[in-house]
Amino acid sequence: MGKCCNVGTEQLKSAGAIKKVALVGNPNVGKSVLFNALTGAYVTVSNYPGTSVEVSRGNTLIGNVHWEVVDTPGMYAIHTITEEERVAREILLNEKPDVILHVLDARNLERMLSMTVQLIEAELPVILIVNILDEAERIGLQIDLPLLEKRLGIPVIGAATARKRGIGEIRKAISEYRLSDSPLKVVYGRNLERDILEVQKLMQGKYLFARRALALLLLQQDEEVTGIVREAEGGNFPLLEQKVKEIFFERRESFHLDLSMERREIAREVLRDVVTFPEKDLVTWQEKLSTFSVKPLTGVPLLIVVIYFGLYQFVGVFGAGTLVDIMEGKLFEEHFNPWITGIAVAYIPWETIQELFVGEYGIITLGIRYAVGIILPIVATFFIFFSFLEDTGYFPRLALLVDRVFKRFGMSGRAVIPMVLGFGCDTMATMVTRTLESTRERVIATLLLALAIPCSAQLGVIIGLLSKSPGALFIWGGTMLFLALLVGFLAARVMPGKPPIFYMELPPMRLPQIGNVLTKTYTRMQWYFLEILPLFIIASILLWLGKVTRFFEKLVTVMTPAMGAIGLPKEAAVAFIFGFFRRDYGSAGLYDLQSKGLMDGRQLTVAAVTLTLFIPCVAQFLVMKNERGWKTALGIALFVTVFAWSSGYILNRLLLAVGFA
Amino acid sequence: MKLSEHAEEILEAIWVATEEKGDFCLEIEKTGVSPDDPAYAELTANALVEIREGMICFRPEGKKEGEMTIRRHRLAERLMMDVLNIRGEDGDSKACKFEHLLNEGVDTKICTMLNHPKTCPHGKPIPPGECCEDARSKGDLGIVTLTEFKSGQAGEIAYIQSEDSKKMQKLMAMGVLPGNRITLMQSFPSYIFRVGYSEFAIDSELAREIFIRKEG
Ligand SMILES: Nc1nc2c(ncn2[C@@H]2O[C@H](COP(=O)(O)OP(=O)(O)O)[C@@H](O)[C@H]2O)c(=O)[nH]1
Ligand SMILES: [Zn+2]
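Everything numeric here is computed off the predicted structure, so don't read it as measured data.

Student: What is the right way to read the packing of aromatic side chains from this model?
Tutor: Any aromatic ring pair is given by two values, namely how distant the centres are and how the planes are angled relative to each other. Counting across every chain of the model gives 19 aromatic pairs over all chains. Their ring planes at 15° and their centres at 5.8 Å tell us that Phe314(A) and Phe318(A) sit as a pair that is stacked. Of this pair, Phe314(A) and Phe318(A) both sit in helix H14 (residues 296-347), separated by 4 residues, roughly a single helical turn. Relative accessible area serves as the criterion here: at 28%, Phe314(A) is assigned to the partly exposed category. The class of Phe318(A) is partly exposed, set by a relative accessible area of 36%. Ring geometry for Tyr159(B) and Phe211(B): centres 4.5 Å apart, planes at 10°, overall stacked. Of this pair, Tyr159(B) sits in strand S5 (residues 154-160) while Phe211(B) sits in strand S9 (residues 210-214); the two residues are 52 residues apart in sequence, bridging distant segments of the chain. As far as burial versus exposure is concerned, Tyr159(B) and Phe211(B) are alike and both buried. Put simply, the rings of Phe382(A), Phe383(A), Phe385(A), Phe386(A), Phe395(A), Tyr528(A) and Phe529(A) pair up and form one aromatic cluster.

Student: Honestly, the pairing of strand S6 (residues 126-131) of chain A in this entry has me stumped. Any pointers?
Tutor: A regular strand places its side chains so that they alternate between the two faces of the sheet. Residues and elements named next belong to chain A. Counting buried positions along S6 gives 6 out of 6 residues, so the element sits mostly inside the fold. Side chains Val126, Leu128 and Val130 project from S6 onto one buried face, and the interleaved Ile127, Ile129 and Asn131 project onto a second face that is buried too. Two elements, strand S5 (residues 99-105) and S6, share 6 bridges in a ladder whose sense is parallel. Along S6, the bridge assignment pairs leucine 101 with isoleucine 127. One crossover worth recording links S5 to the parallel S6 by way of helix H4 (residues 109-121), and it is right-handed. The pairing of S6 with strand S8 (residues 156-158) spans 3 bridges and is parallel. For leucine 128, the partnering residue across the bridge sits in S8 and is valine 156.

Student: Help me understand helix H9 (residues 211-219) of chain A in this model?
Tutor: Residue and element names in this part refer to chain A. With 8 of 9 residues buried, H9 lies mostly within the body of the structure. Inspection of H9 places Arg212, Ala213, Leu214, Ala215, Leu216, Leu217, Leu218 and Leu219 among the buried residues, and these make up the whole buried set. Remark: glutamine 221 follows H9 within two positions and exhibits a positive phi of approximately 65°.

Student: I keep staring at the site of ligand 1 and nothing clicks. Help me out?
Tutor: Residue and element names in this part refer to chain A. Taken together, 18 residues surround ligand 1, and among them Asn28, Lys31, Ser32, Asp134 and Arg510 come closest. Side-chain polar atom of serine 32 to an oxygen atom of ligand 1: 2.5 Å apart, as the coordinates give it. A distance of 2.9 Å separates an oxygen atom of ligand 1 from a polar atom in the backbone of valine 33. Taking 580 Å² as the accessible area of ligand 1 by itself, protein coverage stands at 87%. Elements with a contribution of two residues or more to the shell around ligand 1: helix H2 (31-38) and helix H5 (133-138). If one sorts the elements of the shell around ligand 1 by residue count, H2 sits on top with 3 residues. In terms of residue class, the shell around ligand 1 is built from 6 nonpolar, 7 polar and 5 charged.

Student: Sorry, what's going on with the packing of helix H13 (residues 285-294) of chain A against helix H17 (residues 394-407) of chain A here?
Tutor: The angle between the axes and the distance between the axes are what describe a pair of packed helices. Residue and element names in this part refer to chain A. Close contact between H13 and H17 brings their axes to 9 Å; oriented N to C, the two are set at 30°. If you check the angle between H13 and H17, you find them roughly parallel. Where H13 crosses over H17, the two elements pack in a sense that is right-handed. Packed against H13, whose contacting residues are Ser290, Ser293 and Val294, the element H17 presents Tyr394, Arg397, Leu400 and Leu401 at the interface. A breakdown of the residues in the contact of H13 with H17 according to their chemical character gives 4 nonpolar, 2 polar and 1 charged.

Student: Help me understand the domain arrangement of chain A, please; the structure alone is not making it clear to me.
Tutor: A common way to report how large an interface is uses the accessible area buried once the components associate. If you check the domain split of chain A, you get domain 1 (3-175), domain 2 (190-251) and domain 3 (294-506 + 514-658). Here the C-alpha centroids of domain 1 of chain A and domain 3 of chain A sit 39 Å apart.

Student: Teacher, can you tell me more about the state of the cysteines here?
Tutor: A covalent bond bridging the sulfur atoms of two cysteines is what the word disulfide describes. One pass over the full model with this rule turns up 1 disulfide over all chains. Lacking any disulfide linkage, Cys425(A) is separated from the closest cysteine sulfur, that of Cys455(A), by 6.5 Å.

Student: Explanation requested: the nonpolar core in the structure shown.
Tutor: The nonpolar side chains of a soluble globular protein tend to be buried, and buried together. All names here are of chain A. Phe383, Met411 and Leu568 are the most contacted members of the largest nonpolar core, which totals 114 residues. The leading source of residues in this core is helix H16 (residues 363-392), at 12 residues. With residues up to four places along the chain from it excluded, the contact list for leucine 568 reads Met563, Phe576, Met599, Gln603, Val606 and Ala607. If you look at the next biggest cluster of nonpolar residues, it comprises 84 residues, including Leu113, Val117, Ala122 and Ile154.

Student: Please clarify how the interface of chain B and chain A should be interpreted in this entry.
Tutor: Between chain B and chain A, the contact holds 35 residues from the first and 37 residues from the second. Taken together, both faces of the contact between chain B and chain A bury some 3000 Å²; the carbon and sulfur share is 58%. Interface area lost by chain B to chain A is led by Lys170(B), Pro189(B) and Tyr197(B), which between them contribute 23%. Our count for the contact surface shared by chain B and chain A stands at 3 salt bridges. At the junction of chain B with chain A, the criterion picks out 17 residue pairs in polar contact (both at pLDDT 80 or more). Taken together, the elements giving at least two residues each to the side of chain B that touches chain A come down to helix H7 (165-173), strand S6 (181-186), strand S7 (191-195), strand S8 (198-202) and helix H8 (204-207) of chain B. Sort the elements by how many residues they give to the side of chain B that touches chain A and H7(B) lands first, with 8 residues. Across the side of chain B that touches chain A, the residue classes break down as 17 nonpolar, 10 polar and 8 charged. Of the pairings in the sheet, the one linking strand S10 (residues 503-506) of chain A to S8(B) comprises 4 bridges and is antiparallel in character. From the neighbouring strand, Glu505(A) faces S8(B), where its bridge partner is Phe200(B).

Student: Would you explain the coordination of the zinc ion (ligand 2) in this entry?
Tutor: Protein-derived coordination of the zinc ion (ligand 2) comes from Cys111(B) (SG), His116(B) (ND1), Cys131(B) (SG) and Cys132(B) (SG), at a distance range of 2.0 to 2.4 Å. The site at the zinc ion (ligand 2) holds 4 donor atoms, and with the angles between them running 97 to 119°, its shape is tetrahedral.

Student: What's the story with H13(A) in this structure? I'm lost.
Tutor: Counting along an α-helix, one turn takes 3.6 residues, and residues three or four places apart therefore face a common direction. Those residues of H13(A) that fall on the buried side of the exposure criterion are Gln286(A), Ser290(A), Ser293(A) and Val294(A). Looking straight down H13(A), one finds that the buried residues subtend no more than 90° of arc, so they occupy a single side. Where H13(A) is buried, its residues contact H5, H14 and H17 of chain A together with S6, S7 and S8 of chain B.

Rules behind the numbers
Residues numbered from 1 in each chain as written. Chains lettered and ligands numbered in written order. Predicted model: local features only at pLDDT ≥ 70, side-chain atom pairs only at ≥ 80, totals over all residues. Heavy atoms only, no water. Phe/Tyr/Trp six-rings, centres within 6.5 Å; stacked < 30°, edge-to-face > 60°. Helix = DSSP H or I, 4+ residues; strand = E, 2+ residues; numbered from the N terminus. Buried < 20%, exposed > 50% of the residue type's maximum accessible area, 1.4 Å probe, protein only. Pairing = 2+ DSSP bridges. Right-handed = clockwise from strand over helix to strand, strands pointing away. Near = heavy atom within 4 Å. Polar contact = N/O pair within 3.5 Å; in protein donor to acceptor, adjacent residues only side chain to side chain. Areas by Shrake-Rupley, 256 points an atom, 1.4 Å probe, with all protein chains shown as cover. Nonpolar A, V, L, I, M, F, W, Y, C, P; charged D, E, K, R; others polar. Axes fitted to C-alpha atoms, helices over the stretch in contact; angles between N-to-C directions. Parallel < 35°, antiparallel > 145°, perpendicular 65-115°, else oblique. Left-handed = near helix turned anticlockwise from the far one by under 90°. Contact = heavy atoms within 4.5 Å. Domains from an automatic or database assignment. Disulfide = S-S within 2.5 Å. Core = buried A, V, L, I, M, F, W, Y, C linked by side-chain atoms within 4.5 Å. Buried area = accessible area lost by both parts, 1.4 Å probe. Salt bridge = Lys/Arg side-chain N within 4 Å of Asp/Glu carboxyl O. Donors = N, O, S within 2.8 Å, 3.2 Å for Na, K, Ca; no water. Tetrahedral: all angles 85-135°; square planar, octahedral: opposite > 155°, others 65-115°. Arc of directions from axis to C-beta.

See below:
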């Protein structure tokens, strides 16, 4: 122990008094809620080394022992399929937690207990948390927890973590945990037992999981485990591999299925007389709402209502209108900017340096004003809306509603989540595309986010800009929709690879807890600000530099023909240069031009369309590079630039031809 | 009675000619089996056919045997196509080999698994067996895919059939395991089903791979 080399610092800590507890279980069983209830304010969320999967870690003091709490990504079985599951298992394999809390949903004991069986089989230190008891009780399920505990031979605790029920018992169980001396003996059918034994006999290395569990994973052709075993067995491995191949070949058709069925039988046997089902199924209002939201006839109108009130009224009118007026119009323009300008002028003798802070492109008067005055209210309202919707369980339902339509664009319904998030922040949404199954789907989603989905801040500004001319707004909306559909449609045809498949669990619909929604919004805002504020400041500095060195003017001159091609005045180049730093920043630049009366309706429309399509901001580009690699990112950037300009050009011609002004 | 492969092929040829084309007998050259093949002797010895002046005709038992042989052949074709997903010439030639294995109860099992199909992949009728009559009288429609269910219908999962082991494991993780009860909640725009107290949505690709034994 303690010799493990891949987690240096972690290991140092656990050499001291810090012990570790890991939370595992299916998605949506309340792991994060439990995690938040157990840990205090100091939580770190970071990517698991070498992956894009996020893992939260926190600390807690139980008695006088410090515990590190790890919230693992959702997993369905010890044999892993997705990257998330792989990370969850890796935490169990490499970090050797002192206690593992397997959290499951009381209503789905039979299905989820199969994993408890696997954890016990691997001889891991498991405590079973039967969660969401409140809802189970409401529908009339009765669960005999003491009997379950006796049968499993490990501690079993009933909880409703979202109702703060059972937290005390869980803490106590963690601190009192000792490895059970009589855990459930998992026995399969005779043939399977024989096969396991044959493989197990050939294993000689030292492992953190019981050999029996590893033998099963080998037989399931688990690549990662095969790698670990290959290393541990050394020269012995070929013999073992031969045996595994032999057995797998014999049972090739049905090994996974046989194993799952045997495990289900074991779970059923354990649960005999433990669960009493209600005589009649209670149909709750949540279920009624759920049915309502997934039937096209009612679901589509509901979607429109959600978009109208959530996006348009709350984010658009309230966030981008009322709040921006207060923050930017009143707070900055009327009070803060004159005040800070006064100070700067009084204390900084050089005009050039004054300009750096409070000039046309000043860090404070432009950078901070845009970031705090315009972007903050819009993005905050959007994230509140998004987090609220997320916690109701609406997104999976939306996903199934749009799956058929999305398939035409080469994506499964699952992609609706990053797409909606894109209307908040394309950068964050590009990161979320990693939850999609295939590379093909991810690339198409990334492309559409880069090209056609305007982020909330940008949307707010553009709608504000064009709202004075409803015709312009209409043309902009129609063009964007048309181009998005066109590109998606073509991408689905051109991109190689198999069409995606769609499957999704529909968690029950719930009334979100305000605390949870605010916490999520806060975390997202924090991320957003850490990411954008520096960019705004850098942008301001670069723009200032460009201005004082006159490089900027040259660049504008260079871009003049390009602007002219799409019928825009050369000043509009400024907005496009801004645009590279943040898309919304670019739109805000247009806003300035319009207030100076430099553009007419046609020009404004063309500029808005081109700019919305135009290059994603620096941040989004960097994330694209991280997620998809240089080649894809550059390819998309190039395509987007050419496409934006060609579209601007054609639109301008069309509008000129019909005489739109 | 266990006949040789050639004998079965001759029976099939006569059956098609007499039952489907309306001929009375078939010329020996047209059976597709050379006239000096021992299969002819085998058939006459079993009192299934009569051979007169280069023509071969059914005797009553022979007609029955021919019908069952045709049935096995067409069931084999369906099996190749629907379950094993082997099509075209390859499928035909495999079906030809396979049909000879489908006797004594195996055909009944396959017929039930395929939900008592009425036609072969080329649209020709499959003569019904006893199992088909039984099923019809009991109103038992056998096993169908989730895509053939109506909303609200429930049944027991009979088997999952997928070429892709990952897809299969995904389904199993959702609790789609033979023997579990499944209820279809909705079939458009996506399939929503319920197993236990959980609900899942899948597309028709996946829904087609879940086979369910219908309940009443
Ligand atoms: N009624 C009820 N809801 C819960 C309980 N625990 C979690 N939830 C809800 O279940 C949803 C998923 O919880 P979360 O912690 O995000 O699940 P995770 O995916 O396992 O981390 C949230 O909407 C929670 O509010 C519980 O004990 N009772
Ligand atoms: Zn039948």
